[in-house]
Amino acid sequence: MVLPEHAKIIALLKDAGEIVGRKKLQKIVYIGKKMKLPLQEKYTFHVYGPYSEELTLRVEELCSLGFVTETKEKKAGYSQYRYKITKNGESFIEKFPLTWPREQASTIVHQLNGHSSKFLELVSTMLYFDELPKPEVKEKVFTLKKSQNYTEQDIQEAWEFIESLNHLS
Amino acid sequence: MVTGNRKLEEEKVFKDPVHRYIHVRDELIWDLIGTKEFQRLRRIRQLGTTFLTFHGAEHTRFNHSLGVYEIMRRIIDVFEGRPHWSDDERLLCLSAALLHDIGHGPFSHSFEKVFDTDHEWWTRKIIVSDTEVNHVLRRMGEDFPQKVADVIEKTYPNKLVVSLISSQIDADRMDYLQRDAFYTGVSYGHFDMERILRVMRPTEEQAVIKYTGMHAVEDYIMSRYQMYWQVYFHPVTRSAEVILSKILQRVKMLRLEGYSFKQFPHHFEGFFEDNLPLSEYLKLDESVVMFYFHCWTEEEDPILRDLCTRFMNRRLFKYVEFDQDFVMNDWMKLQELFLEVGIHPDYYLVIDSSSDLPYDFYRPGEEEERIPIHLLMPDRKLRELSRESDIVEAISGKKRTDHKLYYPAEWLDTPGHEREKQQIKDILQAHPGKREPGL
């Protein structure tokens, strides 16, 4: 059945308050999933790291059902999207019998939402290759994310951040 | 062991209804086609349950994989000698095109949902593990299988190579649109691929299209749009897919509860234990799955028996539109009523959404994760397609989502619980199934 997966995204957005940027939303869901939040969206590797077409569509569906609002904002040279749940979204998850680890999810989502999408792109890319040894993960980042100019220090910060998230999950 | 690739003494050809001929000149490709893992794709339909809607849709992942290889071969012919293209990548591209779907299982979309598995994970596993495919690939060097897997997984450093197999205008999509149109018999899905290939140009980041080819690309985008609504998203196919998923869900549940099967699901055991060896995965194909479904039409469990009978005899669920009004006002009530009349809502009241599908529309960019299609303009600058094409712009902003509620309509007309059944019908009739024009 589909609705529980929609409800989890609403719950996640509720925990976050709002999420600014499609890329950020994608990465928060991916990292949340890696931290064992019960999310099911399927991810593959794309231009900015792990990406889920399923999540893109699910969010569009939530907007069309009136449970989430997407506000488009013009930024210098590009558009940015802001996501928030609506009153109907709130009353939907109040009624919906959802198994969702509220406390843990809220802590993780807040941690993630406090970082830039560029940093989350780095973290999610490193997690995507988490079966590889650390030096190979670094090599992957430098090869695949050349245009983002991540430094050794960024990578070290990301490892520490992943470590802190692992303690929460 | 023979290393490297040799040209075949004589070119081999496969007759193909979509591309006329598929040409094989490399021993590497010929031997990959002959592996047992690749031959297994003959027993897996490309479009899963679509054959229950369009009876011609019996084509397999084998046909499609050969088709993607052939398109890649033709793209490379156009790229040869051009800037940004290195002929060293030729066999890598051809192997990746041929093997990109090698990890697909029977009805893989439903299997993946119910058993939380992933055909892309199996694709990598087949390529890098001790398999016939891996042995053939290793003739090109110890790291060659890994490179092929990286291209398919989109983590290979050369983005141009990745874009040929996985972008918004790639060999995979160009084959499946035409092939699925041909075998379903619909008149959509056709576009001038020869023209697109002639105007495709390599750049450092991706393949782009010369401005003069814009109208051919418009046709391709339109056919993708039409095929989405007319074939891939057909409500009858979705009904069959819903029943298939529910069969798997029921089997999983019964196995967990220790139910005594007349026909025990031996081939599914690894899925239940989340520990399926590759050798067992490769034994699963559609004939095996259909054998079980056939046997389970005689099971004691009434739900499994009914769902399998429906699938085998095409007695599918009916549907209504599922919208916000429905979710907020009727959904919980409907579930209660189903329980009251003795119909298990977990299996017989099912919402299906567009996000459940492995197909999508063209996305023009704007903080998106997908690289849009770029046109190479006369001034050598790149422009995103929808900024130049009114047609593409018009359909890029169209509604792409849809939800339907599936249920066994005929059970609402059987004797017993007449009052509750009438209440159910009243709710459902307030949300009639709107079909997209032409469906």
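Residues numbered from 1 in each chain as written. Chains lettered and ligands numbered in written order. Predicted model: local features only at pLDDT ≥ 70, side-chain atom pairs only at ≥ 80, totals over all residues. Heavy atoms only, no water.

### Here's the deal with the UniProt feature "domain: HD" (unreviewed entry) in chain B
So, step 1. In the numbering used here, UniProt assigns the "domain: HD" (unreviewed entry) feature to residues 61-177 of chain B.
So, step 2. Helix makes up 65% of residues 61-177 of chain B and strand 0%, and the two end C-alpha atoms of the span are 13 Å apart. (UniProt positions renumbered as here; feature names shortened; annotations may be inferred. Helix = DSSP H or I, 4+ residues; strand = E, 2+ residues; numbered from the N terminus.)

### A short note on the packing of helix α2 (residues 22-34) of chain A against helix α5 (residues 102-113) of chain A
Residues and elements named next belong to chain A.
So, step 1. Viewed as axis vectors pointing N to C, α2 and α5 meet at an angle of 140°, and their least axial separation amounts to 10 Å. Relative to α5, the element α2 lies oblique. The crossing of α2 and α5 is right-handed. Contact with α2, carried on its side by K24, I28, I31 and G32, involves V109, L112 and N113 of α5 and no other residues of that element.
So, step 2. When grouped by side-chain class, the residues that make up the contact of α2 with α5 number 4 nonpolar, 2 polar and 1 charged. (Axes fitted to C-alpha atoms, helices over the stretch in contact; angles between N-to-C directions. Parallel < 35°, antiparallel > 145°, perpendicular 65-115°, else oblique. Left-handed = near helix turned anticlockwise from the far one by under 90°. Contact = heavy atoms within 4.5 Å. Nonpolar A, V, L, I, M, F, W, Y, C, P; charged D, E, K, R; others polar.)

### Thoughts on the domain arrangement of chain B
Residue and element names in this part refer to chain B.
So, step 1. Domains assigned within chain B are domain 1 (7-232) and domain 2 (235-356 + 402-429).
So, step 2. For domain 1 and domain 2, the distance between their C-alpha centres works out to 33 Å.
So, step 3. The interface of domain 1 with domain 2 comprises 29 residues on the first partner and 27 residues on the second.
So, step 4. In total, about 2,800 Å² of surface goes out of reach between domain 1 and domain 2, with carbon and sulfur atoms giving 66% of it.
So, step 5. A per-residue breakdown of the area domain 1 buries against domain 2 is headed by L52, F115 and W122, which together make up 24% of the total.
So, step 6. Between E286 and R45 there is a salt bridge; the shortest N-O distance is 2.7 Å. (Domains from an automatic or database assignment. Buried area = accessible area lost by both parts, 1.4 Å probe. Salt bridge = Lys/Arg side-chain N within 4 Å of Asp/Glu carboxyl O.)

### Details of the packing of aromatic side chains
So, step 1. Under the definition given, this model contains 38 aromatic pairs over all chains.
So, step 2. Plain terms: the ring middles of F67 of chain A and F92 of chain A are 4.8 Å apart, the flat faces sit at 10° to each other, and that makes the pair stacked. Placement of the pair is F67 of chain A in the loop between α3 (53-64) and β4 (68-75) and F92 of chain A in helix α4 (residues 87-95), with a sequence separation of 25 residues. F92 of chain A carries the same exposure label as F67 of chain A, and that label is buried.
So, step 3. Over the ring of Y81 of chain A we find R22 of chain A, and its NZ or CZ is 3.5 Å from the ring centre.
So, step 4. Against the face of F62 of chain B rests R42 of chain B, its NZ or CZ located 3.9 Å from the ring centre. (Phe/Tyr/Trp six-rings, centres within 6.5 Å; stacked < 30°, edge-to-face > 60°. Buried < 20%, exposed > 50% of the residue type's maximum accessible area, 1.4 Å probe, protein only. Lys NZ or Arg CZ within 6 Å of the ring centre and 35° of its normal.)

### A few points about a positive patch on the surface
So, step 1. On the surface, a cluster of positive charge is made up of R82, R195, R198, K210 and R380 of chain B.
So, step 2. Relative to the helices and strands, R82 of chain B resides in the loop between α3 (61-79) and α4 (90-99). (Patch = residues over 30% accessible without salt bridge, like charges linked within 9 Å, V, L, I, M, F, W, Y side chains within 5 Å. Areas by Shrake-Rupley, 256 points an atom, 1.4 Å probe, with all protein chains shown as cover. Lys, Arg positive; Asp, Glu negative; His and termini not counted. Charge placed at Lys NZ, Arg CZ, Asp CG, Glu CD.)

### Describing the sheet that holds strand β5 (residues 318-321) of chain B
Strand pairing in a sheet is mediated by backbone hydrogen bonds. Such pairs are either parallel or antiparallel.
Residues and elements named next belong to chain B.
So, step 1. The sheet built from 3 strands is open, its strands ordered β5-β9-β6 with antiparallel pairing. One side of each edge strand has no neighbouring strand; the edge strands of this open sheet are β5 and β6 (350-353). The average undirected angle you get between the axes of adjacent strands in this sheet is 35°.
So, step 2. Bridge count for β6 against strand β9 (residues 403-407) is 4 bridges, and the pairing is antiparallel. Residue pairing in the sheet places D352 in a bridge with K404 of β9.
So, step 3. Its contacts with the sheet place helix α13 (residues 235-257) against β5, β6 and β9, and it is angled at close to 60° to β9. (Pairing = 2+ DSSP bridges.)

### A few points about the interface of chain B and chain A
So, step 1. Taken residue by residue, the interface counts 39 residues in chain B and 44 residues in chain A.
So, step 2. Summed over the shared surface of chain B and chain A, the number is 4 salt bridges.
So, step 3. For E112 of chain B, the salt bridge goes to K42 of chain A, with nearest N and O atoms at 3.4 Å.
So, step 4. Counting across the chain B and chain A interface gives 3 residue pairs in polar contact (both at pLDDT 80 or more). (Polar contact = N/O pair within 3.5 Å; in protein donor to acceptor, adjacent residues only side chain to side chain.)

### Here we look at unusual backbone geometry
Residues and elements named next belong to chain B.
So, step 1. The backbone of K154 shows a phi angle near 65°, a positive value even though the residue is not glycine.
So, step 2. Position of K154 among the secondary structure elements: in the loop between α8 (144-152) and α9 (159-165).
So, step 3. Notably, R314 is not glycine yet its phi reads approximately 55°, a positive angle.
So, step 4. For R314, the position within the fold is in the loop between α17 (302-313) and β5.

### A few points about the pattern of salt bridges
Residues and elements named next belong to chain B.
So, step 1. For the structure shown, the criterion picks out 49 salt bridges over all chains.
So, step 2. In this structure, R124 and E153 form a salt bridge, with 2.4 Å as the shortest nitrogen-oxygen distance. Of this pair, R124 sits in helix α6 (residues 119-128) while E153 is found in the loop between α8 and α9, placing the two residues 29 residues apart along the sequence.
So, step 3. When its relative accessible area of 24% is taken as the criterion, E153 is described as partly exposed.
So, step 4. Through salt bridges with shared partners, a single network forms among E70, R73, R74, D77 and E194.

### Here we look at α17 of chain B
All names here are of chain B.
So, step 1. Taking 1.5 Å of rise per residue, the 12 residues of α17 would be expected to cover 16 Å, and the 16 Å separating its terminal C-alpha atoms lies within 8% of that figure.
So, step 2. Turning to α17, its buried residues number three or more, namely I303, L304, D306, L307, C308, R310 and F311.
So, step 3. Looking at the buried side of α17, the elements it contacts are α13, α16 (286-296) and α19 (345-348).
So, step 4. Of the residues flanking the end of α17, it is R314, one or two places downstream, whose phi is positive at about 55°. (Expected span 1.5 Å × (residues − 1).)

### Remarks on the pairing of strand β1 (residues 7-16) of chain B
Residue and element names in this part refer to chain B.
So, step 1. Pairing analysis gives 6 bridges linking β1 to strand β2 (residues 20-26), with the strands arranged antiparallel. Among the inter-strand pairings, K15 is bridged to a residue of β2, identified as Y21.
So, step 2. Between β1 and β2, which follow one another and run antiparallel, lie 3 residues.

### Quick look at the side chain of H23 of chain B
Residues and elements named next belong to chain B.
So, step 1. With respect to the helices and strands, H23 occurs in strand β2.
So, step 2. Of note is the side chain of H23, whose polar atom sits 3.2 Å from the side chain of E11.
So, step 3. If we skip the residues at most four places from it in the chain, H23 touches E11, K12, V13, Y69, E70 and R73.

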